[in-house]
Amino acid sequence: MATTPVFPVGAFHTESGVTYLHTAGEGLPPRVHHSRGFERYVMDKSQGAQGRARIGAEVEKVRGLAAKLWSVQPDDVGFVCSVAEGISILLESIDWREGDNVVLDPREFPSVAAPFALKTQRAKSGPVPEIRCADATGLAKAANTKTRLIAISHVSFLDGNRADLNYYRRVADSVGALLVVDYSQASGWCPINASIADFAFGVAYKWLLGATGTAIAYWNRSRQPNWQPVTSGWFSLTTGRVTSERPNWATGALETRNDGMCFTRGNPSHPSIYVLGETLTFLSQWDAAMVEAHVQSLTEALLEELERAGIAPSTPRPKERHGASVCIDTAHADAIVGELAKVGLYASGGLGRIRFSFHGYNKLDDVKRLMEVFPAIYTKYHHGQKRESKI
């Protein structure tokens, strides 16, 4: 049982007396690592061409750290400013045909689903894909030979459900579809092998403990060797950047990078890249499987306590079916989260659910403190209602 944290709690920027259960929204920043990353960036930025070369070397170093974290090759890794940007680059690269469809989970995060949905609503010309919504139970029925892409979050932001990616891979392969995975709610607390996906993305500011402005992008070049983006910027071009020739914008052939950095159209967010390098180095001190075991001992403890209190979570009980968060559906989520914050318990609300999330800086006493306060606040808004939990 997780009676002590995995991480040294003193390393993090926290408020005195606060129990932090909000990592699914924002991970706690390790103070020294964030400060050191930004200071190194400022120093290199002020050193002219030599500093610029060091900035480039730092980007490459962090690519390597991200690749190691996701068990993939560094050349397959790039950076985008957000998952939404990466998904949009992928969306615009597909030559859509009449009758094509994409399959999304109905609970999917907007950064994954909205680019496709908005294209179907606003495209002025040309074919647009049909949006089919199906969870794992309906996936095989929803996907067919017209399915170009299946997108899924490894762990749901809405209810903490963990997708069986092996099953999603089998279904995608059976119909010849791309499998696209968002690791934002998983990367940093559990082992990941992103090579199961054709493309994958994940933000840096949650369990990776980094900052906004950078997300990891992954292109599985062994699965999709002929893929190319159809938009670019100076950074993702080889013409005029890697080569010395000046581009002829009217008639010259342009080439993009043939690696994961083709996703990085303009300068990557160098300050957040430096910070990410520091936090990935920090996290590398602990085996991801150990962090997973620690975190899920806390989710299991909370799920058990909620059951005793007669409060039904929307998160599946088996640990292999959920991530690092426990969620509870309620129309009063924001009000309850606000009351919890007043007594120093930081959680997430919105979209009709409360979410409590754990990382290596949490411990069993955090669950105990939550359960000393939460049941009474919850009952205040629900008058003793009891609902069936997911199993």
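In this text the structure is predicted, and so the values were computed from the model without any measurement.

Cut-offs used in this document
Residues numbered from 1 in each chain as written. Predicted model: local features only at pLDDT ≥ 70, side-chain atom pairs only at ≥ 80, totals over all residues. Heavy atoms only, no water. Salt bridge = Lys/Arg side-chain N within 4 Å of Asp/Glu carboxyl O. Buried < 20%, exposed > 50% of the residue type's maximum accessible area, 1.4 Å probe, protein only. Helix = DSSP H or I, 4+ residues; strand = E, 2+ residues; numbered from the N terminus. Pairing = 2+ DSSP bridges. Right-handed = clockwise from strand over helix to strand, strands pointing away. Contact = heavy atoms within 4.5 Å. pLDDT = per-residue confidence, 0-100. Phe/Tyr/Trp six-rings, centres within 6.5 Å; stacked < 30°, edge-to-face > 60°. Lys NZ or Arg CZ within 6 Å of the ring centre and 35° of its normal. Axes fitted to C-alpha atoms, helices over the stretch in contact; angles between N-to-C directions. Core = buried A, V, L, I, M, F, W, Y, C linked by side-chain atoms within 4.5 Å. Expected span 1.5 Å × (residues − 1). Arc of directions from axis to C-beta. Disulfide = S-S within 2.5 Å. Polar contact = N/O pair within 3.5 Å; in protein donor to acceptor, adjacent residues only side chain to side chain.

**Considerations on the pattern of salt bridges**
Then comes step 1: For the structure shown, the criterion picks out 22 salt bridges.
Then comes step 2: Two residues, Asp259 and Arg257, come together in a salt bridge whose shortest N-O distance is 2.9 Å.
Then comes step 3: The class of Asp259 is buried, set by a relative accessible area of 11%.
Then comes step 4: For Arg317, the salt bridge is made with Glu307, and the minimal N-O distance between the two is 2.5 Å. Here Arg317 is found in the loop between α8 (288–309) and β9 (325–329), whereas its partner Glu307 is found in helix α8, with 10 residues between them in sequence.
Then comes step 5: Residue classification places Arg317 among the partly exposed residues on the basis of a relative accessible area of 33%.

**Some remarks on the pairing of strand β3 (residues 101–104)**
Then comes step 1: Burial along β3 is two-sided: Asn101 and Val103 and Val102 and Leu104, pointing in opposite directions, are all buried.
Then comes step 2: As paired strands, β3 and strand β4 (residues 130–133) are joined by 4 bridges and run parallel to one another. Paired with Val102 across the strands is Ile131, a residue of β4.
Then comes step 3: Where the polypeptide runs from β3 across helix α4 (residues 110–122) and back to β4, its parallel neighbour, the crossover connection is right-handed.
Then comes step 4: Where β3 and strand β5 (residues 147–153) come together, 4 bridges link them in parallel fashion. When the bridges of β5 are listed, Asn101 appears paired with Thr147.

**Concerning the environment of Ser236**
Then comes step 1: Note on placement: Ser236 falls in the loop between β8 (215–219) and α7 (270–283).
Then comes step 2: Residues Ser236 and Phe263, spaced 27 residues apart in sequence, show a C-alpha to C-alpha distance of 6.9 Å.
Then comes step 3: Ignoring any residue separated from it by four or fewer positions in sequence, one finds Ser236 in contact with Glu255, Thr256, Arg257, Met261, Cys262, Thr264 and Arg265.

**Digging into the confidence of the model for the chain**
Do not read the fine detail of predicted coordinates wherever pLDDT is low.
Then comes step 1: With 97% of its residues at a pLDDT of 70 or more, the chain has an overall mean of 95.
Then comes step 2: Of the regions scoring below 50 in pLDDT, residues 387–391 engages in 16 contacts with residues more than four places distant in sequence or in other chains.

**What to know about the packing of aromatic side chains**
Then comes step 1: As enumerated under the stated definition, the model contains 22 aromatic pairs in all.
Then comes step 2: Relative to Phe263, the ring of Phe201 has its centre 5.4 Å away and its plane inclined at 90 degrees; by these criteria the two rings are edge-to-face. Linking Phe201 in strand β7 (residues 199–203) with Phe263 in the loop between β8 and α7, this pair joins segments that are 62 residues apart in sequence.
Then comes step 3: By relative accessible area, which is 0% here, Phe201 ends up buried.
Then comes step 4: Where Phe282 meets Trp286, the ring centres are 5.0 Å apart and the plane angle is 65 degrees; that geometry is what we call edge-to-face. We note that Phe282, like Trp286, is buried.
Then comes step 5: Chaining the aromatic ring pairs together yields one cluster made of Phe7, Phe12, Tyr20, Phe282, Trp286, Tyr346 and Tyr361.
Then comes step 6: One Lys or Arg, Arg148, reaches over the ring of Trp96 and ends 5.8 Å from the middle of that ring.

**Section: the sheet that holds strand β2 (residues 77–80)**
Then comes step 1: The 7 strands are arranged β2-β8-β7-β6-β5-β3-β4 in an open sheet whose pairing can be described as mixed. Looking at strand neighbours, the two that pair on one side only are β2 and β4, the edges of this open sheet. Across the sheet, the axes of successive neighbouring strands diverge by a mean angle of 20 degrees, strand direction being ignored.
Then comes step 2: When β2 meets β8, the two strands line up antiparallel, connected through 4 bridges. Within β8, the position partnered with Val77 by the bridge is Tyr218.
Then comes step 3: Together, β2 and β8 form the strand contacts of helix α2 (residues 48–69), whose direction differs from that of β2 by roughly 110 degrees.

**What about the pairing of strand β11 (residues 353–357)?**
Residues in a regular strand point their side chains to alternate faces of the sheet.
Then comes step 1: The element β11 is extensively covered by neighbouring structure, given that 5 of its 5 residues are classed as buried.
Then comes step 2: Alternating positions in β11 separate into two faces, Arg353, Arg355 and Ser357 on one and Ile354 and Phe356 on the other, with burial throughout.
Then comes step 3: With 5 bridges joining them, β9 and β11 adopt antiparallel strand pairing. Bridge pairing links Ser325 to Ser357 in β11.

**A short note on the nonpolar core**
Then comes step 1: With 84 residues, the main nonpolar core has Ile150, Tyr183, Phe356 and Phe374 as its most contacted residues.
Then comes step 2: Not counting chain neighbours up to four residues away, the residues in contact with Ile150 comprise Val103, Leu139, Ala143, Tyr168, Val171, Ala172, Ala177, Leu178, Leu179 and Val180.
Then comes step 3: If you look at the next biggest cluster of nonpolar residues, it comprises 27 residues, including Ile89, Phe116, Ala151 and Tyr205.

**Points about helix α1 (residues 31–45)**
Then comes step 1: The first and last C-alpha atoms of α1 sit 21 Å apart over 15 residues, in line with the 21 Å expected at 1.5 Å per residue.
Then comes step 2: Among the residues of α1, those classed as buried are His33, His34, Gly37, Tyr41 and Asp44. Summarising the axial view, the buried residues of α1 lie within an arc of 105 degrees, below the 170-degree limit, and thus occupy one face. Summarising the geometry of α1, the exposed residues directed more than 90 degrees from the buried face are Val32, Glu39 and Met43.
Then comes step 3: In this fold, the buried residues of α1 make contact with α2 and α7.

**What to know about the state of the cysteines**
Then comes step 1: One pass over the full model with this rule turns up 0 disulfides.
Then comes step 2: No disulfide involves Cys81; its nearest neighbouring cysteine sulfur is the one of Cys262, lying 15 Å away.

**Description of the side chain of Ser156**
Then comes step 1: Looking at the element boundaries, Ser156 is found in the loop between β5 and α6 (165–175).
Then comes step 2: By relative accessible area, Ser156 is classed as buried at 10%.
Then comes step 3: A polar side-chain atom of Ser156 sits 3.2 Å from a polar atom in the side chain of Asp159.
Then comes step 4: Sequence-distant contacts of Ser156, that is, excluding residues within four places in its chain, are made with Arg107, Asn161 and Gln185.

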